[in-house]
Structure formats: C-alpha cells, structure tokens
Amino acid sequence: MFQPSPWRADFPAITALQRQHQTYLDSAATTQKPQALLDALSHYYSHGAANVHRAQHLPGALATQAFETSRDKVAAWLNAADSRQIIFTHGATSALNLLAYGLEHGFEAGDEIAVSALEHHANLLPWQQLARRRNLRLVVLPLDEHGRIDLDQALQLIGSRTRLVALSQLSNVLGTWQPLPALLAHARAQGALSVVDGAQGVVHGRHDVQQLGCDFYVFSSHKLYGPDGVGALYGRTEALARLRHWQFGGEMVQLADYHEASFRPAPLGFEAGTPPIASVIGLGATLDYLASLDPAAVAAHEASLHQHLVRGLADREGVRMLGTPQSALASFVIDGVHNADIAHLLTEQGIAVRAGHHCAMPLLKGLGLEGAIRVSLGLYNDSDDLQRFFDALDQGLELLR
Amino acid sequence: MSLPADAQQALDTFTHAKGWEQRARLLMQIGDRLEPLDESDKTDANRVHGCESLVWLVTGQVDGQWRFRATSDARLLRGLLALLLVRVQGLDSEALAALDLRAWFTQLGLERHLSPSRSNGLHAVLLRMTELVSSP
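As the structure is a computational prediction, the values presented were derived from the model and not from experiment.

Asker: What is the right way to look at the environment of Asn-381 of chain A in this model?
Answerer: Residue and element names in this part refer to chain A. Following the sequence through the fold, Asn-381 ends up in the loop between strand E15 (372-376) and helix H14 (383-400). Take Asn-381: there are 28 C-beta atoms within 10 Å of it, and that puts it in the buried class. In sequence terms Asn-381 and Ile-14 are 367 residues apart; their C-alpha atoms lie 8.8 Å from each other. When residues no more than four places from it in sequence are discounted, the contact partners of Asn-381 are Ser-5, Leu-25 and Leu-305.

So, in structure tokens, the structure goes:
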C-alpha cells in the first residue's frame, strides 16, 4: 500500500532530484531542506546582511536579534532552561572538539574517559586524542548482539576513575537507540561528566536535555533539515562553567590588551569570530517549520517507513543487517557480494545510499566488515522511494549473481 | 594519435552499450579477463589507498614502455581497471603524461566513475598511477 509523505512538497529539492531520476535515501549523511529555510536565507541576504553583536546600526541590530532568536528556538527545541546554555558551533564535530579542548585542564594522567564501541569518528577521535595528550585511559564500552551498549558491562566499566562519558544517542550505522538514561544516571553517580552526541538522535523525535540528564548535548543543523556549517552545543550551566576558552578572536573577549585579555562566559565566549549568521538564522526557520508539524504524525510516518525498510531487507536472501535497527536507517551487507558492486549498481539506477565505513571504522572492523550499505530515511521519503530502492537492489543482485 | 587496438575495441563496445545493465555486464566481462595478480603482488606497497575496496596496482617498465597490472576485490571496479589498463599499457612516459584519462572515460560513457568522492576507487587509482610514473 502506498504510503505518501505529507511533507514531501515542503522540500523542493526532492522534486528536483526526482527530475534527475534520483531517489534520496542518504538523510543520515545530510538532509534536504524545507522551503521555509530557503526563504529565510533569501530574506536575510536580500534584506541586508550585517555582523552580529558588534554594530550599533540598524542592520546589525536586526541581524543580532534574528541570530539570538535562533538561540532561543534551539533552547526551546531541546527544552534547555536558558538560551545562554546554547553555544553555536560549526557542527557537531566542532562542538565535540570544543569540549575535548575546553575540558582538557580537568583531567589528570590515569583518569578514564568512556566511549561506546559504536561512536562516529567525531565522538571518538577528539577523546582518543585528548587521552593521548593527557595520558588518560580511553575505555570502550562493548555492544550487545543488537548493536546497543551492553548495559551490564558498561555499568561495571564506568567507575570512580571515569571522569567523562561520551555516547551517541542513536547510532549512525546501526540505527539503535542507546540506553542513555541508565548510563547517564550511573555516570553522574560516579561524578563523571556526560556528553551526548545527538547528531542522529536529534533528527528523530523530540528530546528533552533536562530530562535526559546529560551535561552536554551536541547536534548538527544540516542533519536536522537545517543549513550546513552550524551546530549547537547545549551545556548544563554548572558544566559550561568548567569549560576553558579554546578559540580566541573577535567578540569572545571582554577586555584585551597586548599582553593579556579576559573573556566572556558562555555562550559568546565560545563563539570566536564571525559565526555562520545566515545559517543560524536558517536553523531557526527550520525549527519553526519542524515545530509546526504534528509530532505524532511524523513519528508514525517514520516508524512505518522504517518497518517497511527493515522488513524488505529481512525478506531478501543473503541480506545481513548490522544489529537490530530501531529507527531512521538500516545498514546491511550481502553474502558473497562486494559492497562496492552493490553501491555501483544502485548508483547506476539513481539510488542515493551510502556505502563504506560510515565514519565508524573501529565499529565496522569489530563486526568483521570492510564496509556496509546504509539506507537512511527523512520525513520527506515515501514508500515509493523504498520500492525503487528494493527494485534496484533486486535488479543489481540478479546481474551480479 | 590512434588508439591501441584493445582500447579501440573496448571503445566500440561501450559506445554501443545501451543502458546501465548492459554497461554493467560489459564491465564485469572485461573485468573477468583482467590478468590475475599473484598473491605476492598484493602487498601493502602496491595497495592503492583511498578506495573503499581493496585495489592493487603494480607498475614496471620494459624497454621504456610502461607495464601495469591491477586488480580489486570488487568486480565492477575490476572492469574499470581493465578499461584503464587497455588505454595505458605499453605507453612511454611522455605519451602517458600527455594522456587525458578523464577524456578516455568520458568517451566510454563512464566519466561519473571518476568522481573524487570517496566511495569510488578509480579516482584514487589514477592519482596513484600519476604519482608512480612521475617518480621513477
């Protein structure tokens, strides 16, 4: 039965891609953008660009107001208590690097940082490199057979030496939600700081950072139907106060002399240089658009499409899914067939999926795989998109076998 | 400059190929005819990095003419490698340096496989080949 997406028409690029015979199933990499965002960007640039937090003139005041309103919208989206808890960064990766540098001073040799075995490189390498700089121990929390962090083992491994845990909310490879409430509560009880990589999780459902109980939460705008070049870092007020400044320059400073300077607190103290103003404003418009949708309808649509995807893959002979995907995406390999060959033939048929290691090389290596194919869904996808993918997969396999 | 006979034949075949299915079949056929590589040649030094698939490229010169051997664990990439080799086999350094390989794959109707996006191996192979022949 055909399952349309009621929001497909809100994303003009989907129609454009369709005219080029492209079926877009790579939203976990980046998403297409709603018209509301395009309008906001166009409005900002055509009505007078200006730098923020600097100028006394009217264009500057308007830009600053729009920019700060976006901060309020991000805070509201995450249910942060105060907009000052939101720092704009250039993406999730730069937010995580900010944390790894900004918190570095609090670590001593022998301290432990815990990450899970499924982390994206963005939430692994900043901590790995911090551990190497400071002689810390990086503890890797193992997964169960479904692709979720093994809770029993994790609760043992997170102990009194653990200073920080950094965990993905939703795996970008396995599509599994991680058991964060238990892990975060345990980390807090051990006196460890917690960082949640919400790059994938933030896109599916609404998440309340206060309820989640994390110290820091990061996400990228471009995966949440927003512009690229911008991300957000939420921090609990007490946790933000522990951050040292890490990038220095314009507007993050209070007073500067040739030989010394004092710096602003969060958020502006961590937004050195001109921020991606248009993108921040665009993100605000995207959040307005997303907030206007019926969350139950979106959730039901996504769940039903995901079920369709998982069932279709499970029905096909030789297809092996990675883990037990719960949301948003599914990754798979096919017995006796090289991923690159499948990827090649899907590409030839205009199916845009991702092939490779998905920026999680240690995870793939742990699964004994060189790579996998990932199909990921956005709220604009419909069941015809999946049907085209399955038809292309069947045709490709027929050719290869 | 006239094409080597093998290359001309490949070009004729691919120019007449209709649709993605036929192109894919032809790629698999030509890839299957690729001279196999000894296990001893599949060394790390011969590995072409930057591909999602395993690719090896072995180079050598006989009487000033370049001799290449290559293979991959991915089938369609083997076909692309075979099409590359028929064009470059036996050229001297001057001819190889003057050769526009992008134009060659465009003639074949396969230029999209040269995209530098990282899931594709052919781009990395071309870079590696240039590197190898320009540093004797």
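Asker: How should I be thinking about the nonpolar core in this particular structure?
Answerer: In summary, soluble globular proteins display a tendency toward joint burial of nonpolar side chains. By size, the foremost hydrophobic cluster in this structure holds 145 residues, and its most contacted members are Val-165, Phe-216, Val-218, Ala-232, Tyr-234 and Ile-281 of chain A. With 10 residues, the single largest contributor to this core is helix H3 (residues 75-88) of chain B. Mapping this core onto the domain boundaries places at least three of its residues in each of domain 1 (8-25 + 294-400) and domain 2 (38-291) of chain A. Once you skip the residues sitting within four places of it in the chain, Ile-281 of chain A turns out to touch Ala-40, Tyr-44, Ala-66, Phe-67 and Ser-70 of chain A.

Asker: Is there a simple way to think about the confidence of the model for chain B in this case?
Answerer: Detailed reading of predicted coordinates is not advised where the pLDDT is low. Averaged over every residue, the pLDDT of chain B is 87; the share at 70 or more is 94%. Confidence estimates for the predicted assembly give a pTM of 0.94 and an ipTM of 0.89.

Asker: Help me out: how do you make sense of helix H5 (residues 125-134) of chain A in this one?
Answerer: Since the α-helix packs 3.6 residues into each turn, any two residues three or four apart lie on the same face. Residues and elements named next belong to chain A. Pro-126, Trp-127 and Leu-130 are the residues of H5 that are buried. For H5, the buried positions fall inside an angular range of 95° around the axis, keeping them on one side. Asn-135 occupies a position one or two residues after H5 and carries a positive phi of about 60°.

Asker: What am I meant to see in the sheet that holds strand E12 (residues 329-334) of chain A here?
Answerer: Strand pairing in a sheet relies on backbone hydrogen bonds. The paired strands run either parallel or antiparallel. Residues and elements named next belong to chain A. Taken in spatial order, the 4 strands of this open sheet run E11-E12-E15-E14, and their pairing is antiparallel. The open sheet has two free edges, formed respectively by strand E11 (319-321) and strand E14 (354-356), since each of these has just one partner strand. Mean inter-strand twist for the sheet, computed between neighbouring axes without regard to direction, equals 30°. Set on the sheet, helix H11 (residues 295-314) makes contact with E11, E12 and E15; between it and E12 the angle comes to about 10°.

Reading guide: rules and limits
Within each chain, residue numbers correspond to sequence positions counted from 1 in written order. Note on labels: chains are lettered from A, ligands numbered from 1, in written order. Residues qualify for local features only when their pLDDT is at least 70, as the model is predicted, and side-chain atom pairs are given and counted only at 80 or more; totals for whole chains, interfaces and linings, by contrast, use all residues. Here a strand is any run of E in DSSP of at least two residues, a helix any run of H or I of at least four, and the numbering for each starts at the N terminus. Partly exposed residues are those whose C-beta has more than 12 but fewer than 20 other C-beta atoms within 10 Å; with 20 or more the residue is buried, with 12 or fewer it is exposed, and the C-beta atoms are placed from the backbone. Contact between two residues is assigned whenever their backbone-derived C-beta positions fall within 7 Å. As used here, a nonpolar core is made of buried Ala, Val, Leu, Ile, Met, Phe, Trp, Tyr and Cys residues. They are joined through C-beta atoms within 7 Å. The split of the chain into domains comes from an automatic or database domain assignment. Confidence of the prediction at every residue is given by pLDDT, a number between 0 and 100. It is the directions from the helix axis to the C-beta atoms whose arc is reported. By the convention used here, strands pair only if DSSP detects at least 2 bridges between them. Working convention: axes come from line fits to C-alpha atoms, limited for helices to the stretch in contact. Angles between N-to-C directions cover 0 to 180 degrees.

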